[in-house]
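Breakdown of the fold
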Amino acid sequence: MSLWNRYKSELFEQSPAWSLGFFRFGFGILLFFTSARYIYYGWVQKYFLEPGFHFKHFGFSWMGVAPGIILYSIFIILCITAVLISLGVLYRTSILIYWLGFSYFNLLDVSTYLNHYYLIFLLLFLLFWIPADRCFSLSHFLEAYRNGRWSIPKIPNWSLWILKFQIGCVYFFGGLAKLVPDWLFSAQPLRIWLVRNTDFPVIGGFFSYPIAGYVFSYAGLFFDLFVPFCLLKKNLRPWAYSFVLIFHILTWRLFPIGMFPWIMIFSTLLFFPPTWPIKVRGFFKRRGIFPYGELRNLFKTVWSKLPVTFRFLSAKFLLIFLRALEKPNIWGRSFESKLGEFTSRFVSRFGIWAVSIYILIQVFFPLRHFLYPGNHLWTEQGFRFAWHIMLIQKNGIASFQVVNLRTGEIQYVLPESYLNEVQKTMMSTQPDLILQFAHFLGDKEKKRTGDDIAVYAEVRVSLNGKKSLPFIDPNRDLMKVKDDFLHKDWILPDFK
């Protein structure tokens, strides 16, 4: 058998779907909290509705912010579909809706970009093609309850391996990105951040010493580079996952990095054998932690102790709900079936090529910053979508001169006149955002006066605790500069 045919055969061999089903169930819960936080903390209003200007990703300047009632409705729909994803109900339809809604609000403003949002975007895309609803879904639970035992659904090996690969990319390229002088020889920016946490229990006092930054920097470097490979080794996997728990819980407590630690803690469970959830259940059952035996027996015991009226009404509601689900054109079941047929046909015809192309993109795309001259931590060219995690502490001060070329009138503009605090902070250190804001100011003034306008930026930036330096060529008319993927020669070097 040729190497290529062997590769294809191994990818499409079948494995139990237990771990994949558990991942889908937990990932849906994490998606719910990710979207619900925007409503609970008022971020919908703060990040999208209040600002009068929004920074756009390249090619998406046409993407507008929907009215408040529509935007809040989108987040409510995201919460609902996240629950459906967790339960495996209308799985692909829910994945598609969440992916589209999640993509939409992340395209509204670049200043809200986070690495783990990009990871969620990719995982949702992969899960759309993967039959992750075969196990631990609502239908699987009902089947187990009726039959008195669990069936053993199967999924192709590529479903697990592509997810493992994606999680491994986050770690490996995150470690590769740390091979820079600031991280290796100055332990920055960790030294800056650790000093802010000297009140941390037990080890907080250690953070005030310079050596602490080096310990954490090199620990993070070696962890990221080697943990995905250790997770692949059976004898090293328990130790590697122990380090995953320690590392991510510690970073969650020390640094404000949102849901990222929990997503990684949960996702790395995919590296364990596909049957690990059943083995864990058996382990607890043998030790009497499940005293009622099978799940259906526990359910019957609890159900029998509930009030009769409650049981009657609940059973009536459940009967109505199940009958509705059985109707083909209600709840989108017809559309769900078509999506399932489409993904099955696509995978059977193009699966091997699609997987190979996806792998190549994920390998080379994070390395694109090597195509640009200069320090990419300073210029941030090729920085996004490349797993450059916790690499920079940048502080910037920016002001703009708006010049009327006909009258010679000069207006001095401060970013806070138009931007909220998050937008101002992000814009002051990111060249493409500086350019966007300059064009916004120039276009606004040109529309008001009808005259040709020039816009100049005065920006100073400090990178990882170094001395503040000029960031943008103050003599360059930014109205004459167009954003593209070429090197931005109007960014000044990070040295004199």
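Predicted, not measured: the structure shown is a model, and the values here were computed from it.

**What to know about the nonpolar core**
Membership of the largest hydrophobic core comes to 132 residues, with the highest contact counts inside it found for L163 and F400. Counting residues per element, this core draws most heavily on helix α6 (residues 115-129), which supplies 11 residues. When neighbours within four sequence positions are excluded, F400 is seen to be in contact with Q411, Y412, V413, P415, M427, I434, F437, A438, L441, V455, Y456 and A457.

**Quick word on the packing of aromatic side chains**
Here the structure, examined in full by the defined rule, presents 55 aromatic pairs. Between Y40 and Y41, the ring centres sit 5.0 Å apart and the planes meet at 85°, which makes this aromatic pair edge-to-face. Of the two residues, Y40 and Y41, neither departs from the other in class, the shared state being exposed. Here the aromatic rings of F400 and F437 are separated by 5.1 Å at their centres, their planes lie at 70°, and the arrangement is edge-to-face. Of this pair, F400 sits in strand β3 (residues 394-404) while F437 sits in helix α20 (residues 431-449), and the two are 37 residues apart along the sequence. The residues F400 and F437 share a single accessibility class, namely buried. These aromatic residues form a ring-pair network of at least three members: Y38, Y40, Y41, W43, Y47, F48, F75, Y98, F102, F105 and Y117. The aromatic ring of W161 is capped on one face by K164, whose charged end is 4.5 Å from the ring centroid.

**Some thoughts on the packing of helix α12 (residues 237-254) against helix α13 (residues 260-267)**
When two helices pack together, their arrangement is given by the angle between the helix axes and the distance between those axes. Following both chains from N to C, one finds α12 and α13 inclined at 170°, their axes separated by 9 Å at the closest point. Compared by their axis directions, α12 and α13 come out roughly antiparallel. On α13, the residues that touch Y241, V244, L245, H248, I249, T251 and W252 of α12 are F260, P261, W262, M264 and I265. For the contact of α12 with α13, the per-class residue count stands at 10 nonpolar, 2 polar and no charged.

**As for the layout of surface pockets**
Approximately 1,400 Å³ is the volume attributed to the largest pocket. Looking at the largest pocket, it is lined by 39 residues, and the ones nearest its centre are Y113, L114, P256, I257 and M426. Listed by contribution, the elements that provide at least two residues to the lining of the largest pocket are α2 (18-40), α3 (43-49), α6, β3 and α19 (421-427). Residue composition of the lining of the largest pocket, by class: 21 nonpolar, 12 polar and 6 charged. Size it by volume and the second largest pocket reaches roughly 1,100 Å³. Along the walls of the second largest pocket sit 40 residues, with H57, F365, R368, R384 and F385 positioned nearest its centre. Counting only elements with at least two residues in the lining of the second largest pocket, the list comes to α5 (91-106), α6, α17 (333-364) and α20. Of the residues contributing to the lining of the second largest pocket, the split by class is 22 nonpolar, 9 polar and 9 charged.

**Looking at the packing of helix α11 (residues 210-232) against α12**
Packing of α11 against α12 brings their axes to within 10 Å, and their N-to-C directions diverge by 140°. With respect to their mutual orientation, α11 and α12 come out oblique. In the packing of α11 onto α12, the handedness of the crossing is left-handed. Here F216, G220, F223, D224, V227, C230, L231 and L232 of α11 come into contact with α12, specifically with R237, A240, Y241, F243, V244, F247, H248, L250 and L254.

**Remarks on the environment of L435**
Here L435 shows up in helix α20. Residues in contact with L435, not counting those within four places in the same chain, are L478, V481, K482, D483 and W490.

**Brief notes about the pairing of β3**
In terms of strand pairing, β3 meets strand β5 (residues 453-463) through 11 bridges, oriented antiparallel. Note on β5: the bridge partner recorded for G396 is V461. One ladder, built from 4 bridges, connects β3 with strand β4 (residues 410-413); its direction is antiparallel. By the bridge assignment, V403 is partnered in β4 with I410.

**A closer look at a nonpolar patch on the surface**
Residues V202, I203, F206, Y209, I211 and V215 make up a contiguous nonpolar surface patch of roughly 600 Å² in combined accessible area. For F206, the position within the fold is in the loop between α10 (190-195) and α11.

**Focus on the state of the cysteines**
For the structure on display, the rule yields 0 disulfides. Here C230 stays unpaired: no disulfide links it, and the sulfur of C169, its closest cysteine neighbor, is 16 Å away.

Definitions and limits used
- Residues numbered from 1 in each chain as written.
- Predicted model: local features only at pLDDT ≥ 70, side-chain atom pairs only at ≥ 80, totals over all residues.
- Heavy atoms only, no water.
- Core = buried A, V, L, I, M, F, W, Y, C linked by side-chain atoms within 4.5 Å.
- Buried < 20%, exposed > 50% of the residue type's maximum accessible area, 1.4 Å probe, protein only.
- Helix = DSSP H or I, 4+ residues; strand = E, 2+ residues; numbered from the N terminus.
- Contact = heavy atoms within 4.5 Å.
- Phe/Tyr/Trp six-rings, centres within 6.5 Å; stacked < 30°, edge-to-face > 60°.
- Lys NZ or Arg CZ within 6 Å of the ring centre and 35° of its normal.
- Axes fitted to C-alpha atoms, helices over the stretch in contact; angles between N-to-C directions.
- Parallel < 35°, antiparallel > 145°, perpendicular 65-115°, else oblique.
- Nonpolar A, V, L, I, M, F, W, Y, C, P; charged D, E, K, R; others polar.
- 1 Å grid on protein atoms, 1.4 Å probe; cavity = no way out; pocket = protein on both sides within 12 Å on 5 of 7 lines; lining within 4 Å.
- Points joined across faces, edges and corners; volume = space filled by probe spheres on them.
- Left-handed = near helix turned anticlockwise from the far one by under 90°.
- Pairing = 2+ DSSP bridges.
- Patch = residues over 30% accessible without salt bridge, like charges linked within 9 Å, V, L, I, M, F, W, Y side chains within 5 Å.
- Areas by Shrake-Rupley, 256 points an atom, 1.4 Å probe, with all protein chains shown as cover.
- Salt bridge = Lys/Arg side-chain N within 4 Å of Asp/Glu carboxyl O.
- Disulfide = S-S within 2.5 Å.

Geometric values such as these leave the question of function open.
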